[in-house]
Amino acid sequence: MNVAVDATPQVAPQACRVPYRVFTDPRFYALEQQRIFRGENWSFVGLEAEIPNPGDYKATAVGDTPVIVTRDTDGSVNVVQNRCAHRGALICRALRGNAKHLECVYHQWAYNLKGDLIGVPFRRGVQGNGGMPEDFVLGEHGLDRLRVETLNGLIFASFSPTVMALRAYLGPVVVGQIERIMNRPIRVLGDQRQYIHGNWKLYAENVRDPYHASLLHLFHTTFGLYRSTQQGKSVMDESRRHSLLFASSGSNDDKKDKEAYKGARTFDTGFHLQDPSVLKGRQEFADGVTLVILATFPNFVLQQIANTLAVRQIVTYGPDAFELVWTHFGYADDDAEMQAIRIKQANLIGPAGYVSMEDGEAVEIVHRAVAGEDTKASYIAMGGGRADDADHLVTEGAIIGFWQTYRNIVGFDLPA
């Protein structure tokens, strides 16, 4: 994967080359659903705070497979496939709700909150006619269950019965950051959903790319939320599949920053805020870190930007479409002022967020440009062209880590 791109006898630079066909060929998408989303990986499906009460459920997906996340009467969390065992119909059509049991609207087959089949209308027939066969057993026709583990209020699910334990899968770097942010009970503030016409892996690259953030996003750079000149790091877990980007706005030096960004359109001091209160917040963490983007393979992002806290879930719909689900939250013990700060700063992120609205467009313009390209490949080399950690913010090392993981699971060549 790391290949020489310069034939000169001196030190040859290295780079990651990713064939553009992996973004657009439906055959790669089909392999991803099989090997990634139904393979030996954990996918994020929701927050425990989204289903706090017995009977609460949430409809979502792992890859493009619809699933239901439920809170059972015993308090346990279950994830089952959202597909009736009878004729394959969706069972939950609402995104959220509360129910004593799950029931398919088509023929009213009923399941408990663990997915066990508990009722079939006309099972014994009507007036001596019809009915299910004598050997029909309810217990043999439940919903397909996924393996479930939770960590500090985050819910992950896997189709694999042999996937390693969640903590081991995430590794200490990721677990440590989850424990830092998810350090006490939370309160869900709301959702935003963004449908993007592009390949999901382009967004996986985006959230592992500290290099783009201060060049693409004018608001980030001009108003000092994030600059590549800030103190920060890009680090990965031992396997290189997950990444953590963090930075501190307290390290800004306007004079030096203006020099570094001289001529860049995204550091424009001619812009001013009519309402600067959107940037008025509180320091929450003793370490002084003001921006965190934690991305886990394959579909999860946990973020802290100023006082905004949110999770992002990638839901795939095909090689050229995915949905990004943003769930904003605060802490259950937030006072009224802090909750107001979080709600106002929610304008920073999401589909129309001041610092994130360009990301969806960036994904789409790449996807349109690489469509139908079977021979060309990207060139990813900023920071040295290897999957290395960096104690600065001008690197693409975490993107290369993602592609190394992808190559090991899916490969860049289609099977014969």
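Residues numbered from 1 in each chain as written. Predicted model: local features only at pLDDT ≥ 70, side-chain atom pairs only at ≥ 80, totals over all residues. Heavy atoms only, no water.

Undergrad: Tell me about the sheet that holds strand β9 (residues 110-111), and please be specific about residues and values.
TA: Taken in spatial order, the three strands of this open sheet run β8-β9-β10, and their pairing is antiparallel. Whereas interior strands pair on both sides, the edge strands pair on one side only; in this sheet they are β8 (102-103) and β10 (117-119). Two elements, β8 and β9, share two bridges in a ladder whose sense is antiparallel. When the sheet's bridge partners are listed, Leu-102 is paired in β9 with Tyr-111. (Pairing = 2+ DSSP bridges. Helix = DSSP H or I, 4+ residues; strand = E, 2+ residues; numbered from the N terminus.)

Undergrad: Give me the lowdown on the side chain of Thr-395, citing residues and values where you can.
TA: Along the polypeptide, Thr-395 turns up in the loop between α9 (357-370) and α10 (397-409). Within the local environment of Thr-395, its side chain forms a polar contact with the backbone nitrogen of Gly-397, the two atoms lying 3.0 Å apart. Discounting residues that sit within four places of it in the chain, Thr-395 has contacts with Asp-209, Pro-210, Tyr-211, Ser-234, Met-382, Gly-383 and Ala-390. (Polar contact = N/O pair within 3.5 Å; in protein donor to acceptor, adjacent residues only side chain to side chain. Contact = heavy atoms within 4.5 Å.)

Undergrad: Give me the sheet that holds strand β19 (residues 321-331): which residues, what numbers.
TA: Judged by pairing direction, the sheet is antiparallel, and its seven strands sit side by side in the order β13-β19-β18-β17-β16-β15-β14 without closing on themselves. In this open sheet, the two strands that pair with only one neighbour each are β13 (186-196) and β14 (231-236). For this sheet the average axis-to-axis angle between neighbouring strands, irrespective of direction, equals 15°. Pairing between strand β15 (residues 243-248) and strand β16 (residues 291-296): five bridges, direction antiparallel. Counted as the bridge partner of Ala-247 is Leu-291 from β16. (Axes fitted to C-alpha atoms, helices over the stretch in contact; angles between N-to-C directions.)

Undergrad: Talk me through the domain arrangement of the protein chain; I want residue IDs and the actual numbers.
TA: Domain assignment breaks the protein chain into domain 1 (43-149) and domain 2 (184-409). On a C-alpha basis, the centroid separation for the pair domain 1 and domain 2 is 36 Å. Of the residues lining the interface, 13 residues belong to domain 1; the matching set on domain 2 comes to 13 residues. Across the domain 1-domain 2 interface, the total number found is one salt bridge. Across the pair Arg-96 and Asp-191 runs a salt bridge, and its minimum N-O distance is 2.9 Å. (Domains from an automatic or database assignment. Salt bridge = Lys/Arg side-chain N within 4 Å of Asp/Glu carboxyl O.)

Undergrad: Could you give me a rundown of the nonpolar core, with the residues and numbers involved?
TA: The biggest cluster of nonpolar side chains holds 83 residues, and the ones touching the most others in it are Leu-154, Ile-178, Met-182, Leu-302, Phe-329 and Trp-403. Broken down by element, the residue count for this core peaks at seven residues, all from helix α3 (residues 166-181). Viewed by domain, this core spans two of them, domain 1 (43-149) and domain 2 (184-409), each represented by three or more residues. What Phe-329 contacts, discounting residues up to four positions off in sequence, is Leu-47, Ile-181, Met-182, Ile-186, Arg-187, Val-188, Leu-189, Leu-302, Leu-309, Ala-310, Val-311 and Arg-342. In this structure, Cys-84, Cys-104, Trp-109 and Val-120 belong to the second largest nonpolar core, which totals 17 residues. (Core = buried A, V, L, I, M, F, W, Y, C linked by side-chain atoms within 4.5 Å. Buried < 20%, exposed > 50% of the residue type's maximum accessible area, 1.4 Å probe, protein only.)

Undergrad: Give a detailed account of helix α8 (residues 336-345), specifying residues and quantitative values.
TA: For α8, every residue scored as buried is listed here: Met-338, Ile-341, Arg-342 and Gln-345. Projected down its long axis, α8 shows its buried positions confined to an angular sector of 95°, all on one face. Elements in contact with the buried residues of α8: β13, β17 (300-305), β18 (308-318) and β19. Residue Asp-335 occupies the N-cap position of α8, its side-chain oxygen lying 3.3 Å from the main-chain nitrogen of Glu-337. (Arc of directions from axis to C-beta.)

Undergrad: I'd like a description of the pattern of salt bridges, backed by residues and values.
TA: One pass over the full model with this rule turns up 23 salt bridges. A salt bridge links Glu-323 to Arg-193, with the nearest nitrogen and oxygen atoms 3.1 Å apart. Here Glu-323, found in strand β19, pairs with Arg-193, found in strand β13; they are 130 residues apart in sequence, far enough to count as distant. For Glu-323, a relative accessible area of 11% translates into the label buried. Among the salt bridges present, the one from Arg-342 reaches Glu-284, with a minimum N-O distance of 2.8 Å. In this pair, Arg-342 sits in helix α8 while Glu-284 sits in the loop between α7 (254-260) and β16, placing the two residues 58 residues apart along the sequence. Salt bridges here are not isolated pairs; linked through shared partners, they connect Glu-50, Lys-58, Arg-96 and Asp-191.

Undergrad: Describe the side chain of His-242, with residues and values.
TA: Mapped onto the fold, His-242 is located in the loop between β14 and β15. Assessed through its relative accessible area of 0%, His-242 is described here as buried. At 3.5 Å, the side chain of His-242 and the side chain of Arg-241 are in polar contact. Reaching out from His-242, the side chain makes a polar contact with the backbone nitrogen of Phe-297 at a distance of 2.9 Å. Excluding residues that lie within four positions of it along the chain, His-242 makes contacts with Tyr-169, Leu-170, Val-174, Val-235, Met-236, Asp-237, Ala-295, Thr-296 and Phe-297.

Undergrad: Residue-level account of the state of the cysteines, with values.
TA: A complete count under the given rule lists zero disulfides for this structure. Sulfur of Cys-92: no disulfide; nearest cysteine sulfur belongs to Cys-104 and is 10 Å away. Residue Cys-92 is classed as buried on the basis of its relative accessible area, which comes to 8%. Here Cys-104 stays unpaired: no disulfide links it, and the sulfur of Cys-84, its closest cysteine neighbor, is 4.0 Å away. Residue classification places Cys-104 among the buried positions, given a relative accessible area of 2%. (Disulfide = S-S within 2.5 Å.)

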